[in-house]
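# Architecture at a glance
Given next are the chains, with one letter for each unit.
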Amino acid sequence: MDSLLFLSARRVVAQRPLPALPADLYPVLFQAAFLDGRPLILRDLVAAWPFPVLHFQRLVGHRELLRDHPCKLCVQAVIQAVVAQLRRELEEPGHRSSLRVLDMTGLPDSTSGRTPDGMSVWSGTVALAKACVEVSKHQREFQRPAATPSPLGVDIHADLFVNGTSYGILRDALQTRAAGPLRLKCRELQAEELSASGIVTLLESLDPSCVRRVDLRFNNLGLTGLSVILPHLSRFPELRSLKLQYSNVDVRRLTPESAVGIRCLAGQLGMLPSLQELNLGSSRLSGNLRQILCDLQAPLESLELAFCSLVPADFAFLSQSFHAPALKRLDLSGHDFSQGLLEPLRLLLEETSASLLHLDLMECHMADSHLATLLPTLRRCSRLRFLGLHGNSLSMAALKDLLQKTLELPNLHLVVYPYPMDCYKLEPPAESGWNFEEIVDEELLAAAKAEFTQILANSRRTDLVWTYNPYGHRALDYFSL
């Protein structure tokens, strides 16, 4: 229920122009204007912002709240207001505003929301980059004599997403960073489908003190490309997370060249003293995990190795390493646990049971017997919050047994289960086909969902979500735990 203060703020922001207001009301007015979709009021509030810092997420609320509001015009209005403020400072040397830091980190990506008017991380990055370039251009047009003080400027802290389309504008914006009145400070950088040289150019332009996560995906780098990029990461002392999914690393058949590449990769990872999270998803690492992780200075808290072609020796290394008792997140999706990996997995889970919060075992060829083998160990993971089993061949009976036996885990909040095998039916082949096709019977699936829901209700565990939808669930952020 909204507070009386917030309800009053909604009444105030429903009219324009705003009356004269005390400074301590600005935060709640900003929240009300944003959540009610009032971009013009937001421009007015930012133009007169009485504090040195404006932190979006702290003012507006949780990411889940933001995700369901049409925020694109509102975000653009805030950026435009900051640009207008700096243009005025450039044109009127005596004018000084209070705002010095705009923190836009943590804004949700509209692609995971339920509103068509949300702002994607990509479009937000482009809007910020264009604003930086615009203000820098305006600064050049209003060059002053050396004796005239320059505007103090505004630092914008943001999470940036870049691909080939937005690369040019973001590069230009970052390269104005030191001298421009509007300065981008990147907390998290996600780059897709860029060359190694392009990624290096961006990394060299970032403020070293701010970066905590670098996410490089679909860049086809290989060991050679990674050897070019990773040395530039050592300049970021706060880098805690490195994601290298789909980097085209395949060391299943070692050659002298790939052996050298692995040693180089290991040494460069060892130069990242704050690293807590590593994602090597879809790299083919068979038998080489020890060599890749051997130089890390501190245990990892999050390790994602989905579809990495791991072998028993890799699991044995992890079980015996100093990472195992520290792991909070473990993603081993895409491995075939119906063969010789089930016991190595069970032993690894034994070692991680005291710390593990998030376990992904999606698409792992698991049947009822494999889940039964793991279940006693899963029940010892007393802090577990998330369990992902989507894409495995499990029956309704096995899933009900899992549900009933994991109700005792007090922190378990989300389970993503597979379509029960009982819910499939055979569909006659198309005219051109030869074989019957298995498809999900929606009525049977709805009945299974209702049964799970009833078990949860009877057990008074309505806080525990069971779903067959593997998408749209926000991953835990291990930097805040």
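Residues numbered from 1 in each chain as written. Predicted model: local features only at pLDDT ≥ 70, side-chain atom pairs only at ≥ 80, totals over all residues. Heavy atoms only, no water.

Where an unreviewed UniProt entry is consulted, the protein appears under the name Leucine-rich repeat-containing protein 14, with the organism given as Catharus ustulatus. Per its UniProt entry, the protein bears the Sequence similarities (unreviewed entry) comment "Belongs to the PRAME family. LRRC14 subfamily." Under Subcellular location (unreviewed entry), UniProt gives the following word-for-word description of the protein: "Cytoplasm". (UniProt positions renumbered as here; feature names shortened; annotations may be inferred.)

The complete set of buried residues in helix α10 (residues 222–229) reads G222, L223, G225, L226 and I229. Buried residues of α10 fall within an arc of 160° about the axis and therefore sit on the same side. Packing partners of the buried residues in α10 comprise α9 (196–205), β5 (213–217) and α11 (256–269). (Buried < 20%, exposed > 50% of the residue type's maximum accessible area, 1.4 Å probe, protein only. Helix = DSSP H or I, 4+ residues; strand = E, 2+ residues; numbered from the N terminus. Arc of directions from axis to C-beta. Contact = heavy atoms within 4.5 Å.)

This brings us to the side chain of H323. In this fold, H323 is placed in the loop between α13 (312–320) and β9 (329–331). With residues up to four places along the chain from it excluded, the contact list for H323 reads L293, L296, A298, P299 and L300.

Here the focus is the side chain of S321. Locating S321 in the fold gives a position in the loop between α13 and β9. Given a relative accessible area of 12%, S321 falls into the buried group. Here L318 takes part through its backbone oxygen, which lies 2.9 Å from a polar atom of the side chain of S321. (Polar contact = N/O pair within 3.5 Å; in protein donor to acceptor, adjacent residues only side chain to side chain.)

Below, the discussion takes up the layout of surface pockets. Looking at the second largest pocket, its volume works out to about 220 Å³. Lining the second largest pocket, in full, are D103, T105, H157, R187, S209, C210, R212, E238 and R240. Here the lining of the second largest pocket is built from residues that sort into 1 nonpolar, 3 polar and 5 charged. (1 Å grid on protein atoms, 1.4 Å probe; cavity = no way out; pocket = protein on both sides within 12 Å on 5 of 7 lines; lining within 4 Å. Points joined across faces, edges and corners; volume = space filled by probe spheres on them. Nonpolar A, V, L, I, M, F, W, Y, C, P; charged D, E, K, R; others polar.)

The relative placement of two packed helices is expressed as an angle between their axes plus a distance between the axes. Interaxial distance between helix α16 (residues 396–406) and helix α17 (residues 442–458) falls to 11 Å at its minimum, and their mutual angle equals 20°. When the axes of α16 and α17 are compared, the pair comes out roughly parallel. Classified by chirality, the crossing of α17 by α16 is right-handed. For the pair α16 and α17, contact is made by M396, L399, K400, L403 and Q404 and by A448, E451, F452, I455 and L456, respectively. (Axes fitted to C-alpha atoms, helices over the stretch in contact; angles between N-to-C directions. Parallel < 35°, antiparallel > 145°, perpendicular 65-115°, else oblique. Left-handed = near helix turned anticlockwise from the far one by under 90°.)

Before going further, it helps to spend a moment on the pattern of salt bridges. Counted by the stated rule, this structure contains 26 salt bridges. Put simply, E277 and R213 hold a salt bridge, and the shortest N to O gap is 2.9 Å. Note that E277 is positioned in strand β7 (residues 277–279) and R213 in strand β5, a separation of 64 residues in sequence. The exposure class assigned to E277 is buried, which follows from its relative accessible area of 3%. On the accessibility criterion, R213 (14% relative accessible area) is buried. Of the charged contacts, one joins R252 and D250 as a salt bridge, the two residues approaching to 2.7 Å between their closest N and O atoms. Sharing partners across several salt bridges, the network here consists of D159, R187, E188, R212, R213 and E277. (Salt bridge = Lys/Arg side-chain N within 4 Å of Asp/Glu carboxyl O.)

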